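Structural characterization, general
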Amino acid sequence: MIKAVMVMNTQGKPRLAKFYEYLPVEKQQELIRRVFAVLCGRAENVSNFIEAESIFGPDSRLVYKHFATLYFVFVFDSSENELAVLDLIQVFVETLDKCFKNVCELDIVFNYSKIHTILDEIIFGGQVLETSSAEVMKAVEEISKLEAASNAITLIPKSASGWRSR
Amino acid sequence: MGSQGGFYQSKEFLDLVKSIGEARSKAEEDRIVLSEIETLKRRISEPDIPKRKMKEYIIRLVYVEMLGHDASFGYIHAVKMTHDDSLLVKRTGYLAVTLFLNEDHDLIILIVNTIQKDLKSDNYLVVCAALNVVCKLINEETIPAMLPQVVELLVHPKEAVRKKAIMALHRFYHKSPSSVSHLVSNFRKVHIMWLHLFQRLCDNDPGVMGATLCPLFDLITKDVNSYKDLVISFVSILKQVAERRLPKAYDYHQMPAPFIQIKLLKILALLGSGDKQASEDMYTVVGDIFRKCDSSSNIGNAVLYECICCVSSIYPNPKLLESAADVISRFLKSDSHNLKYMGIDALSRLIKISPEIAEQHQLAVIDCLEDPDDTLKRKTFELLYKMTKSTNVEVIVDRMIDYMIRINDNHYKTEIASRCVELAEQFAPSNQWFIQTMNKVFEHAGDLVNIKVAHNLMRLIAEGFGEDDDTADSQLRSSAVESYLRILGEPKLPSVFLRVICWVLGEYGTADGKFSASYITGKLCDVAEAYSNDETVKAYAVTALMKIYAFEIASGKKVDMLPECQTLMEELLASHSTDLQQRAYELQVVIGLDAHAVDCIMPSDASCEDIEVDKGLSFLDGYIQESIEKGAQPYIPESERSGILNISNFRNQDHNEASSHSLRFEAYELPKPTMQSRIPPASLASTELVPVPEPMYPRESYQTPVPSVSLDAGSSELKLRLDGVQKKWGRPTYSPATSTSNSTLQKTVNGITQVDGASTSNSRTRETYDSRKPQIEISPEKQKLAASLFGGSSKTEKRPAAVHKISKASSHVMEKSHVPKYSMEVASEKTASVQQPPDLLDLGEPTVTSTSPLVDPFKQLEGLLDTTQVASAVNHGSIAAIESPDMMTLYADTPAAIRNSDLLSGLSNPSIINMPGDTTTTQPMQSSKGPNLKDSLERDALVRQMGVTPSSQNPNLFKDLLG
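Residues numbered from 1 in each chain as written. Chains lettered and ligands numbered in written order. Predicted model: local features only at pLDDT ≥ 70, side-chain atom pairs only at ≥ 80, totals over all residues. Heavy atoms only, no water.

1. Thoughts on the overall build of chain B
- Summing up its helical and strand segments, chain B has 46 helices and four strands in all.
- A fraction of 71% describes how many contacts in chain B between residues 6 or more apart in sequence connect residues 24 or more apart.
- Counting every atom, chain B has about 40800 Å² of accessible surface; 54% of that belongs to carbon and sulfur. (Helix = DSSP H or I, 4+ residues; strand = E, 2+ residues; numbered from the N terminus. Contact = heavy atoms within 4.5 Å. Areas by Shrake-Rupley, 256 points an atom, 1.4 Å probe, with all protein chains shown as cover.)

Here it is as structure tokens:
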């Protein structure tokens, strides 16, 4: 199963962290720091895999991908295949890209809850749920439509228009 | 709809994120976040917050917590949000609780009801959101509350819900396998249902079928055999997937449902492992995938890699192995590091089945070893570790040590060090090489290796090559001494290594006469001084000093202590550590003794001898008699004391009660700690070293019932414990403590030797010496086995290794069996103390092992020896059996080993594998060992001559490595 998904920027600031098994906040922070320490020491043009057992304990592998200013890091165990997870990262990023039209770090920062929604459609409870970015997009759009609808009914926003970034 | 439709944020949040992004330092960021927390704390508790605003606060809280700050004050608000009807608010609440809470959090109880309600919702998105929370936050106790509803969802009209329900059940299974065990058949049912549907109509949602593969994979991992019947259906699904019978929507980068293919291949690998028939069903489809897979895309290679894993796991098929080898060579030749990595990994899997495949890729493997990419390098070391055999062990271990020296990552350093040790122990071509290798490992990763490795090394040096080859032994030892004296010059050696050095220097420093006693003692004093805050090292150094001086005195030389040694002694005599103090005092006493006495106490090179311990303490009889005559209390064993108590103390009507707690209703006579009353006065009078005050109050006062549990716990304390020892005094009507376990017996032995007055230093040191005996037997045997079994044939390399391990284990068993055997034979009067003090050798608990496991490994071993060797072994065995009494008399002649004839006859009985057993196995090996050692030494020299340096592309290197 997949143990954790992290997105951090090249300065080591976490942009998204999701652990599929509960860890206390301090431990999460420590893991993020240690992963970043390993990542920033790696050259370009080397493999996308890292021995992660010293950080995450036995039977853990780490696959990362570097996009512009962001590292996408997936941690998982032996029941997944490294190359396949690498493609899963690709799916995740492709979906983000479709969602935000040329995704950049700021999109991820400002759309924190949406990123979580997207990730939840791809990985569910630590298992790969969906690998087609089109399907993921469909699901996410459906959610936002319904959310917006339910929102419109329950709320009469007075000054809400200012918040909307439509 | 804009890109952020439905996911709006306020300007405040944007500002927060921006200012955090612009923060120059961690401190600045913390300040910003802390002020944000203050704001949120204030705002969130305001009444009547609009829902949308609340939602945003919660998102901000999540963000704050992701940055590592405590947001627990807001958890309850997140929980409240989950109760909301609005999907937007509810989803936010659910998201927040999955990120904030863990399954055992107190607040979970507040959302269980909501989840239950939501699982029944008409809106499938609400159901999905609830399922998401179920996955994360449901613990074992709440699973039953959710289970029925989740199971109902397995037939939900929406495919997304069905998928998620399956995943949630999978999660339940992870958390508590028993809770869903009755559903296992459901998984099968669901699976088969989808299978049928899938077979009939290909468009009927293969995604759900794919989802069932996840729990099935876990179930099959646990219990392969009950799923064998599904092989055919898995194969047919895989076939259809590979033939693109799935809807186009499942294609990924032109590959048909690759993730499903991968999962299926993983499952097939499990099912086909060691099952020829099941494997045969898979050959065609796996072969098809090999052919069809697009090797230009990443995901195609992922599937190919999975095929290789499958092929290497199932019953081997030459054709598939060939295709696998092709793919591997493609991977290894690729420029992509990822593919190289996968190639190396695949190679290490396949090498188990066809070792010759490595040869074609030797260049590629060497390249990967030289690669700057650490991950790839480590993977390659893993491969090398798996393909090590006696012919290439030197090259590989050298490489590993080189790498080990260069890295800083302690975790990996530990791992690679232990691998070096393992390989060296398994395949060492010579003891010399072994010691050199161990020295390197210790020098560079000393504190990371297991202490047992150090003991093995000491044992090897002590035991040497074998009894018949004394010159080689002493050569080995003097070379060890020399190398250690050289290494001591280096700063900051690891503690474990220093212990080995001290021990070896003490034992053999002056043995060959090359170095003077004053030189060695000087070095030892230097060690004690340089590492003055490491008490264990100091203790080893002092004991080594004592040995050196004892050997000097015994050989009739006059001993004068070096001034630095005297200062050290003065310091240690006043040390805070009682252990160091005692060692120092012992040293002082030993130096004052005459040559004969010293020789008895510390015979030279006697670390491999056995020691006899007078367990009954018969030599104290006179003293006890005297004490009793003077009016001392006779000793009453523990068991009897509590018996007396139960009878006499009628106020505690209930026996159980009496033994479970010690509430007393009468006045206390004397304010003395009750624990001390466990030691009876008589025994106390006889022990000067036990620091327990004498309880002189009448018997009633030690009525505290001592439950047997505390008895055992107390045995580790330094107190005289005499249960299990034959009674010399006390009421004869009581039977001795029968419940005492073997381990307490052993401890008692140790305890007694510590207390035993005049001969304290004697028996203590003897014990530290002689107790090493049991494990020492392993190493030469192992070496001999290694020499004779790993003749260099490449095909059988792994098999002997396994045998090797068995033999190792068996020798352990043998040693352990010494303990009970002696105590049985010698009728509990005199027992050889084979047990070692805890600081030296750690054999684990001495357990009484039956004799039956003793025989098996050897039979196995013999079965693996060549027939000729077996014959010779048998011959030797019989000879050895005849000879053994002689050997035993030799044994009996050693000063400490006083054995009675019972023991002797027991030992010389060839049916019990003991000494005779040893010789049976070792004899044939010894005959072949000489030349082999020479060979390997020559090879060692040759390899070194050839210049096996990491950079040179020396063809000889490959030959050694891969040939």
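2. Some details on the overall build of chain A
- The helix and strand inventory of chain A stands at six helices and seven strands.
- By the burial criterion, 64% of the 166 residues in chain A qualify as buried.
- The contacts in chain A between residues at least 6 apart in sequence include a share of 49% that link residues at least 24 apart.
- When the accessible area of chain A is evaluated, it comes to approximately 6200 Å², of which 53% is carbon and sulfur surface. (Buried < 20%, exposed > 50% of the residue type's maximum accessible area, 1.4 Å probe, protein only.)

3. Regarding the pattern of salt bridges
- Within this structure, the stated rule accounts for 40 salt bridges over all chains.
- Among the salt bridges present, the one from B:K263 reaches A:E80, with a minimum N-O distance of 4.0 Å. Here the residue B:K263 occupies a position in helix α13 (residues 258-272), and A:E80 occupies one in the loop between β5 (70-76) and α3 (82-100), the pair thus bridging two chains.
- For A:E80, a relative accessible area of 7% corresponds to the buried category.
- For the salt bridge of B:D409 with B:R378, the shortest nitrogen-to-oxygen distance reads 3.4 Å. Residue B:D409 is found in the loop between α21 (393-406) and α22 (410-427), and its partner B:R378 is found in helix α20 (residues 374-386); the two are separated by 31 residues along the sequence.
- When salt bridges with common partners are traced through the structure, they connect B:E12, B:E36, B:R43, B:E56 and B:R60 into a single cluster. (Salt bridge = Lys/Arg side-chain N within 4 Å of Asp/Glu carboxyl O.)

4. Quick look at the environment of B:F442
- Relative to the helices and strands, B:F442 is located in helix α23 (residues 431-445).
- Sequence spacing of B:F442 and B:V453 is eleven residues, and the spatial spacing of their C-alpha atoms is 9.4 Å.

5. A short note on the packing of aromatic side chains
All names here are of chain B.
- Summed over all chains, the structure comprises 15 aromatic pairs over all chains.
- Just above the ring of F73 sits the side chain of K41; from NZ or CZ to the centre is 5.2 Å.
- A cation sits over an aromatic face here: K263 above F217, 5.6 Å from the ring centre. (Phe/Tyr/Trp six-rings, centres within 6.5 Å; stacked < 30°, edge-to-face > 60°. Lys NZ or Arg CZ within 6 Å of the ring centre and 35° of its normal.)

6. Describing unusual backbone geometry
- In this model, A:N102 sits at a positive phi of 60°, which is unusual for a non-glycine residue.
- Positionally, A:N102 belongs in the loop between α3 and α4 (105-110).
- Positive phi, normally seen in glycine, also occurs at B:H253, with a value near 50°.
- Note that B:H253 resides in the loop between β1 (251-252) and β2 (255-256).
- Note on B:H253: relative accessible area 37%, which makes it partly exposed.

7. Some details on the packing of helix α9 (residues 159-175) of chain B against helix α11 (residues 206-222) of chain B
All names here are of chain B.
- Taken N-terminus to C-terminus, the directions of α9 and α11 make an angle of 10°; their axes are 8 Å apart at the nearest point. In terms of their interaxial angle, α9 and α11 are classed as roughly parallel. Between α9 and α11 lies a crossing of left-handed hand. Two secondary-structure elements touch here, α9 through E159, R162, K163, I166, M167, H170, Y173 and H174 and α11 through G207, V208, A211, T212, C214, P215, D218, L219 and K222. (Axes fitted to C-alpha atoms, helices over the stretch in contact; angles between N-to-C directions. Parallel < 35°, antiparallel > 145°, perpendicular 65-115°, else oblique. Left-handed = near helix turned anticlockwise from the far one by under 90°.)

8. What to know about helix α2 (residues 26-44) of chain B
Residues and elements named next belong to chain B.
- Here α2 spans 26 Å end to end across 19 residues, near enough to the 27 Å set by a 1.5 Å rise per residue.
- Restricting attention to buried positions, one finds in α2 the residues E29, I32, V33, E36, I37, T39, L40, R43 and I44. End-on, the buried residues of α2 take up no more than an arc of 170°, which puts them together on one face. Along α2, the residues that are exposed and aim more than 90 degrees away from the buried face are A27, R31 and R42.
- Buried residues in α2 make contact with α1 (11-22), α3 (51-66) and α4 (75-82). (Expected span 1.5 Å × (residues − 1). Arc of directions from axis to C-beta.)

9. Some thoughts on helix α27 (residues 517-530) of chain B
Residues and elements named next belong to chain B.
- Compared with an ideal rise of 1.5 Å per residue, which puts 14 residues at 20 Å, α27 spans 20 Å between its outermost C-alpha atoms and is within 8% of the ideal.
- Every buried residue belonging to α27 is among A517, I520, T521, G522, L524, C525, V527 and A528, and all of these are buried.
- As for α27, its buried residues are in contact with α25 (470-487), α26 (495-508), α28 (535-554) and α29 (563-573).

10. Examining the pairing of strand β4 (residues 61-67) of chain A
All names here are of chain A.
- Bridging between strand β3 (residues 49-51) and β4 involves three bridges; their strand directions are antiparallel. Residue pairing for β4: E51 is matched across the bridge by R61.
- Counting the residues that bridge the hairpin from β4 to β5 gives two residues, and of these A68 lies at a positive phi of roughly 45°. (Pairing = 2+ DSSP bridges.)

11. Details of the interface of chain B and chain A
- Across the boundary between the two partners, chain B contributes 78 residues, which contact 71 residues of chain A.
- Counting each side, the surface lost to burial between chain B and chain A is near 7100 Å², with a carbon and sulfur contribution of 58%.
- If you look at where chain B meets chain A, you find four salt bridges.
- Two residues, A:E121 and B:K164, come together in a salt bridge whose shortest N-O distance is 3.1 Å.
- If one sorts the elements of the side of chain B that touches chain A by residue count, α3(B) sits on top with nine residues. (Buried area = accessible area lost by both parts, 1.4 Å probe.)

12. Re the packing of α4(B) against helix α6 (residues 108-119) of chain B
All names here are of chain B.
- Two elements in contact, α4 and α6, have axes separated by 9 Å at closest approach and are oriented at 25°. Classified by the interaxial angle, the pair formed by α4 and α6 is roughly parallel. Crossing geometry of α4 relative to α6 is assigned as left-handed. On α6, the residues that touch I76, V79 and T82 of α4 are L110, I111, T114 and D118.
- Residue composition of the contact of α4 with α6, grouped by class: four nonpolar, two polar and one charged. (Nonpolar A, V, L, I, M, F, W, Y, C, P; charged D, E, K, R; others polar.)

13. Focus on the confidence of the model for chain B
Residues and elements named next belong to chain B.
- With 62% of its residues at a pLDDT of at least 70, chain B reaches an overall mean of 70.
- Ignoring residues within four places in sequence, the model shows residues 1-7, a span with pLDDT below 50, making 17 contacts including any to other chains.
- Confidence drops under pLDDT 50 across residues 730-931; counting only partners more than four residues distant or on other chains, this segment forms 302 contacts.
- Scored as a complex, the prediction yields pTM 0.64 and ipTM 0.88. (pLDDT = per-residue confidence, 0-100.)

14. Structural notes on the environment of A:H66
Residue and element names in this part refer to chain A.
- Along the polypeptide, H66 turns up in strand β4.
- Taking C-alpha positions, H66 is 8.8 Å from T10, a pair spaced 56 residues apart along the chain.
- For H66, the contacting residues outside a window of four places in its chain are T10, E44 and Y71.

15. A short note on the sheet that holds β3(A)
All names here are of chain A.
- Here we have five strands laid out as an open sheet, ordered β2-β1-β5-β4-β3, and antiparallel in their pairing. The sheet is open, and its two borders are formed by β2 (14-19) and β3, each paired with just one other strand. Averaged over all pairs of adjacent strands, the angle between strand axes in this sheet comes to 20°, irrespective of strand direction.
- Sheet analysis places strand β1 (residues 2-9) next to β2, joined by five bridges and oriented antiparallel. Within β2, the position partnered with V5 by the bridge is K18.
- Contacts from helix α1 (residues 25-40) reach β1, β2, β3, β4 and β5 within the one sheet, and its direction differs from that of β1 by about 65°.

16. Thoughts on the confidence of the model for chain A
Residues and elements named next belong to chain A.
- Across chain A, pLDDT averages 84, with 90% of residues at or above 70.
- Considering each helix and strand of chain A separately, the mean pLDDT is smallest for helix α6 (residues 133-154), with a value of 78, and largest for β5, with 93.
- This stretch, residues 154-166, has a pLDDT under 50; its non-local contacts, to residues over four places away or in other chains, come to 13 contacts.

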